[in-house]
Each structure stands twice: as structure tokens, then as C-alpha cells.
Amino acid sequence: MPGETKALAEFAARLRYDDIPQPAVAIAKACIIDTVGVVLFGSTLPWSKIVDDYVHHVGNGASTVLGAGFRKASAPGAAFANGAFAHAFEFDNLRQPSTGVHPGATALTGALAAAEEAKVSGKELITAFVAGLECMFRIAAAAKSSSEKLGFHAPGMTGVFGSAIAASKVMQLSPQQITMAMGIGGSFCSGLLAFVKSGQGGMVKRIHMGRAAEGGVTAASLAARGFEGPEVILEGKFGVLDVFARDADLAAIPADLGTRWETLTITFKTFPCHVTSQSPVQALQTLRAQNKFAPEDVEKILIEVSDKVLSHHADPAPRDVATAQYSLPFTIALALYRDPGDPQAFLDGPNQNPAILDLAKRVTLAPYAKDGPNSNDMACRLHITLKDGRTLSIARTDFEGTTTSPLTRERLEQKFLKLSSSVIAEKQRGELLARLNNLEDVRVEELFRV
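Residues numbered from 1 in each chain as written. Predicted model: local features only at pLDDT ≥ 70, side-chain atom pairs only at ≥ 80, totals over all residues. Heavy atoms only, no water.

1. A closer look at the overall build of the chain
Check the secondary structure of the chain and you find 19 helices and eight strands. For 450 residues, the compact-globule formula gives about 22 Å, and the C-alpha radius of gyration of the chain, at 21 Å, lands near that figure. Seen through its C-alpha atoms, the chain measures out along the principal axes to roughly 70 × 50 × 40 Å. Out of the 450 residues belonging to the chain, those deemed buried represent 61%. For the chain, the separation between the mean place of its 45 positive charges and that of its 47 negative charges on side chains is 2 Å. (Helix = DSSP H or I, 4+ residues; strand = E, 2+ residues; numbered from the N terminus. Rg over C-alpha atoms; globule rule 2.2 N^0.38 Å. Buried < 20%, exposed > 50% of the residue type's maximum accessible area, 1.4 Å probe, protein only. Lys, Arg positive; Asp, Glu negative; His and termini not counted. Charge placed at Lys NZ, Arg CZ, Asp CG, Glu CD.)

This is the structure we're talking about:
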């Protein structure tokens with residue numbers, strides 16, 4: 001039996017479009033649509049403009065940087081830019097249950113850049129994307145969410161492999177070459193969570209996805225030219241799961257490979273904030289709709305949350321946009337004063353309204369009660385104490401956009417059209433959406449001719 005790294009490489013090399021169940025194809029295409037919309041909006045933000053300037057400074061190429069002008073860059077450069085844009089404001093897609101993967105911002109942006117350069121079909125892009133997802137999600141599951149306990153931003157590790165495998169598939173590499181691409185990619189893993197504890201510098205978080213996507217494309221390109229890396233990069237001593245994880249479950253990597261489709265676990269956000277804030281915000285909206293109270297009526301808020309939220313998302317006084325989006329106390333307070341589904345509500349910064357920061361300091365987080373599903377990072381129990389003495393409570397274990405509460409196609413397309421409106425005109429938005437919906441019949445190089 002091959003090792004875990006080789007097993008994934010062999011799976012990816014032999015996967016064909018017709019092997020993928022149609023529900024998985026549908027979710028993959030939905031993820032592509034969602035990601036393109038998020039990338040287009042993300043390209044307009046100040047930190048993204050810095051990345052865009054850098055990418056075009058270092059070279060041109062045949063792959064599209066999604067943004068004003070749809071300019072071309074090298075495949076690694078486009079992957080870096082689009083990955084950074086996708087994660088520019090916390091609105092990109094994930095997996096449920098969470099394992100530290102961002103499928104669109106890493107595996108797709110890498111696959112898309114490589115696919116446009118290679119002039120492949122939409123079917124080939126979908127197949128490559130799913131190959132990357134199936135492998136990346138299993139690597140993440142094997143890490144058991146331990147990377148971030150060590151201070152490492154998990155998508156900076158998992159995303160390299162998703163991108164490397166998807167790009168390798170686009171390039172039609174052999175199992176041995178894909179193994180080498182993964183071996184090379186292991187040395188491109190990066191992304192630290194120092195900004196979580198410092199309370200500032202969160203802008204760097206934006207490029208963790210871009211670096212992962214770029215690293216994967218670079219690794220695949222090197223492997224295609226004969227460059228080598230360790231063929232046991234996942235399972236070997238000082239390999240990724242030995243260095244960046246604790247007590248990894250290697251058996252989770254090949255388990256049900258090709259029969260249980262991890263692609264079906266993709267989750268979509270409805271608010272531009274950290275995924276662990278999605279359930280609490282939706283719970284808050286439900287309580288408010290039922291009880292009709294104003295933010296000024298709130299005395300204090302208690303939220304029972306998972307251990308991860310307590311350790312990573314509890315800052316009541318963030319100092320920049322990124323750390324504000326990462327903070328549950330701030331996000332809950334903002335959701336009482338502004339529309340949490342509007343990116344501008346967060347982009348105005350944590351100091352936009354003193355009342356929001358004041359309320360954030362009256363939000364207390366506590367461990368989810370022992371009878372609750374504390375292993376589910378999305379689960380929460382919300383208690384709002386009003387100044388008239390009433391306490392309103394509600395519990396949630398998921399949110400709209402998860403596999404148990406799916407986002408409708410109509411809502412997904414509305415999100416795409418709203419976000420892409422910041423870059424392209426209405427007629428062009430509709431045409432781009434039509435091409436994405438019919439991706440199987442489109443050449444990737446024709447996608448972004450707007």
C-alpha cells in the first residue's frame with residue numbers, strides 16, 4: 001500500500017469528471033461562483049490594491065487577476081492576488097465542520113490561474129478543483145484542528161496542498177509528479193496568528209490564502225519541470241503533520257477516498273466576519289425579530305461558545321478591520337447597530353461608533369455548557385439581558401449556508417451579483433454569471449472576457 005502522500009497523488013491523477021457525483025459537481029460550481037464574486041469585491045479594498053500593485057510589479061503572464069481591468073499576471077502571481085482578494089474581508093467559503101480550510105480562496109484560485117494559463121476546459125477546471133478539495137479536506141481532518149493551537153493559521157498549510165494538487169491536475173501531471181508537487185509545497189506552508197494576540201496587524205491575514213494558492217501553483221510548476229520534494233511530506237518525520245499538527249490522524253487521509261465526497265461539506269457565509277460568528281449573529285437576529293428591542297435596550301450579553309472562540313475570537317477592543325472581523329464581541333455589538341451582511345459595516349473600522357465598542361465590552365464569552373455540543377465550533381447559546389430586566393436566550397448549532405441549513409441558489413447568486421457590482425456593470429455581471437453556471441461548456445480562458 002502506498003503512503004498517504006502517494007495515495008492522494010494517485011487519486012488526483014486518475015480522477016475524471018464523470019467519476020464525480022453530480023451533487024458534488026453542483027457544490028463545486030456554487031463554490032466557484034461564490035469565490036469569483038468575493039474576489040471581485042475584495043479587489044477593491046485598500047490592502048488588495050497593495051497586493052495588486054506588487055503582483056503586476058513582479059511580472060506579467062496569461063492568468064487573470066480578477067479586478068478592475070482584468071489585467072494579466074503570471075499564474076503564481078494571479079493565484080497570489082486572487083487568493084488574497086478572496087480573503088480580503090472574511091466573506092469566502094469554508095468547510096463544515098471547520099477544519100481550517102478555505103476551498104475557494106486557496107484550491108480554486110490556484111486551479112483557476114493554472115487552468116487559464118494551460119487553456120483547459122471548464123470541465124477540466126471542475127475536476128481539478130474537486131481533486132484538490134478531496135485531498136486538502138482530508139489533510140485538514142487529519143490535523144484535527146491542532147495547527148491553530150500552535151499559533152499557525154491552518155489554511156496557510158492546508159491551502160498549499162489544495163492548490164498544488166489542483167494545479168497539478170490541470171497540468172496533467174503523473175502521480176509521481178503530483179507527489180513531488182506536494183513534497184515541494186510542504187516547504188511553502190506559512191501563516192502565523194500573531195495578529196490575534198497583538199490586536200493589530202491583521203492585514204497580514206489577508207495574504208495567507210494568497211500565499212497558499214501561489215505556493216501550490218509554484219510547486220506544481222516546479223514538479224512539472226522535474227524538481228523534487230519529499231515523497232512522504234504528510235506522514236514523514238518532520239513532515240507537515242509532524243511539524244504543524246499534534247497527534248495527527250493519518251488514517252483519516254485515505255479513508256473512503258473516492259466514495260465519500262468531502263466537497264459536499266463546503267459552507268458559505270452570509271456575513272463578512274469569522275465563521276464562528278455566523279451562528280451567534282443569526283441567533284441575535286432571530287431574538288431581535290421575535291422581541292423587537294433596540295441596541296440601547298441591551299444591558300449585557302453572554303454567549304456560550306466553543307474553546308476555539310474563547311482562545312482566538314474574544315478580543316472586545318480590536319484596533320483594525322481584520323481583528324474586528326475576527327472578534328465575536330465586536331461583531332455581535334456591530335450586528336445590533338448596523339447590517340452585519342453589509343461589508344461596509346465592517347470596513348468603516350472598529351472606531352466608527354463609540355457605542356459599538358462600548359457594547360462590545362459588555363459582551364462576555366463563556367465555555368459552552370457541558371450538556372452542549374462544545375466540539376462544534378459553530379454552536380453557541382446566546383443570552384441577552386435587557387435594561388428592563390428580561391433575559392432572552394436562544395441556542396444554535398449551525399447557520400444558513402452550512403450543509404444542514406444550505407444557502408439557496410437564489411441567495412448565492414444574489415450575493416454574487418451584489419459583490420461583483422463594485423467592479424463590473426450589470427449586463428457584464430449577468431453574462432459572467434451565465435458563463436460560470438455553464439462552466440462545463442466554456443473554456444477557462446474565455447471566462448473573464450468582460
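More follows now that the structure is in view.
2. Some thoughts on the environment of Ala-213
Mapping Ala-213 onto the fold places it in helix 10 (residues 206-224). The sequence separation of Ala-213 and Ala-164 amounts to 49 residues, and the corresponding C-alpha distance is 7.7 Å. The contacts of Ala-213, once residues within four sequence positions are left out, are Ala-79, Ala-105, Thr-106, Thr-109, Gly-110 and Ser-163. (Contact = heavy atoms within 4.5 Å.)

3. Quick word on the pattern of salt bridges
Within this structure, the stated rule accounts for 23 salt bridges. Where Lys-72 meets Glu-116, a salt bridge forms, and the shortest distance between an N and an O atom there is 2.8 Å. Separated by 44 residues along the polypeptide, Lys-72 in strand 2 (residues 72-73) and Glu-116 in helix 5 (residues 103-118) bring together distant segments of the chain. In this structure Glu-116 comes out as buried when scored by relative accessible area, which is 4%. For the salt bridge of Arg-260 with Glu-262, the shortest nitrogen-to-oxygen distance reads 2.5 Å. Residue Arg-260 is classed as partly exposed on the basis of its relative accessible area of 34%. Given a relative accessible area of 4%, Glu-262 falls into the buried group. Put simply, Arg-95, Asp-256, Arg-260 and Glu-262 are held in one network by salt bridges that share partners. (Salt bridge = Lys/Arg side-chain N within 4 Å of Asp/Glu carboxyl O.)

4. A word on the nonpolar core
Counting residues in each nonpolar core, the largest one holds 102 residues, and the members touching the most others are Val-36, Phe-161 and Leu-234. No other element matches helix 6 (residues 122-143), which puts 14 residues into this core. Beyond its immediate chain neighbours, meaning those up to four positions away, Phe-161 contacts Ile-139, Met-182, Gly-186, Cys-189, Ile-233, Leu-234 and Val-240. Ranked by size, the runner-up nonpolar core spans 34 residues in total, among them Val-281, Ile-303, Ala-324 and Leu-336. (Core = buried A, V, L, I, M, F, W, Y, C linked by side-chain atoms within 4.5 Å.)

5. Some words on helix 18 (residues 409-420)
Between its first and last C-alpha, helix 18 extends 16 Å over twelve residues, near the 16 Å set by a 1.5 Å rise per residue. Of all the positions in helix 18, only Leu-412, Lys-415, Phe-416, Leu-419 and Ser-420 are classed as buried. All buried residues of helix 18 lie within an arc of 115° about the axis, which places them on one face of the element. Lining the buried residues of helix 18 we find helix 2 (22-42), helix 16 (343-347) and helix 19 (426-437). (Expected span 1.5 Å × (residues − 1). Arc of directions from axis to C-beta.)

6. Regarding the pairing of strand 5 (residues 298-305)
Relative to strand 7 (residues 380-386), strand 5 is paired through six bridges, and the arrangement is antiparallel. Paired with Glu-304 across the two strands is Arg-381, which belongs to strand 7. (Pairing = 2+ DSSP bridges.)

7. Some details on the packing of aromatic side chains
As enumerated under the stated definition, the model contains seven aromatic pairs in all. With a centroid separation of 5.9 Å and 90° between ring planes, the pair formed by Tyr-54 and Phe-80 is classed as edge-to-face. Here Phe-80 lies in helix 4 (residues 75-86) and Tyr-54 lies in helix 3 (residues 46-58), a separation of 26 residues in the sequence. Measuring from ring centre to ring centre gives 5.6 Å for Phe-89 and Phe-91, while their planes differ by 75°; the resulting arrangement is edge-to-face. One aromatic cluster is present, formed by Phe-41, Phe-89 and Phe-91 through successive ring pairs. (Phe/Tyr/Trp six-rings, centres within 6.5 Å; stacked < 30°, edge-to-face > 60°.)

8. Overview of the side chain of Arg-95
Positionally, Arg-95 belongs in strand 3 (residues 94-95). A polar atom in the side chain of Arg-95 sits 2.6 Å from the backbone oxygen of Pro-97. The residues contacting Arg-95, other than those within four sequence positions of it, are Val-101, Phe-137, Glu-262, Thr-265, Ile-266 and Thr-267. (Polar contact = N/O pair within 3.5 Å; in protein donor to acceptor, adjacent residues only side chain to side chain.)

9. Details of the state of the cysteines
All chains considered together, the criterion is met by zero disulfides. Counting only cysteine sulfurs, Cys-135 is the nearest neighbor of Cys-189, a cysteine outside any disulfide, at a range of 15 Å. Look at Cys-189 and you get buried, because its relative accessible area is 11%. Looking at the unpaired Cys-380, the closest cysteine sulfur is the one in Cys-273, lying at 12 Å. Residue Cys-380 is classed as buried on the basis of its relative accessible area, which comes to 0%. (Disulfide = S-S within 2.5 Å.)

10. Quick notes on unusual backbone geometry
The peptide bond linking Gln-96 to Pro-97 adopts the cis configuration, its omega dihedral lying at 0°. Residue position: Pro-97 is located in the loop between strand 3 and helix 5. The phi dihedral of Lys-119 falls on the positive side, at around 60°, and the residue is not glycine. Secondary-structure assignment places Lys-119 in the loop between helix 5 and helix 6. Residue Lys-119 is classed as partly exposed on the basis of its relative accessible area, which comes to 45%.

11. Focus on the packing of helix 4 against helix 5
In a packed pair of helices, the relevant descriptors are the angle between the two axes and the axis-to-axis distance. Contact pair helix 4 / helix 5: the axes reach a minimum separation of 8 Å and the direction vectors enclose 145°. Helix-helix and strand crossings are classified by hand; for helix 4 and helix 5 the assignment is right-handed. Contacts between helix 4 and helix 5 pair Ala-75, Ala-78, Ala-79, Asn-82, Gly-83 and Ala-86 from the former with Ala-105, Thr-109, Gly-110, Ala-113, Ala-114 and Glu-117 from the latter. Partitioning the contact of helix 4 with helix 5 into residue classes produces seven nonpolar, four polar and one charged. (Axes fitted to C-alpha atoms, helices over the stretch in contact; angles between N-to-C directions. Left-handed = near helix turned anticlockwise from the far one by under 90°. Nonpolar A, V, L, I, M, F, W, Y, C, P; charged D, E, K, R; others polar.)

Such coordinate-based values are descriptive only and should not be taken to indicate function.
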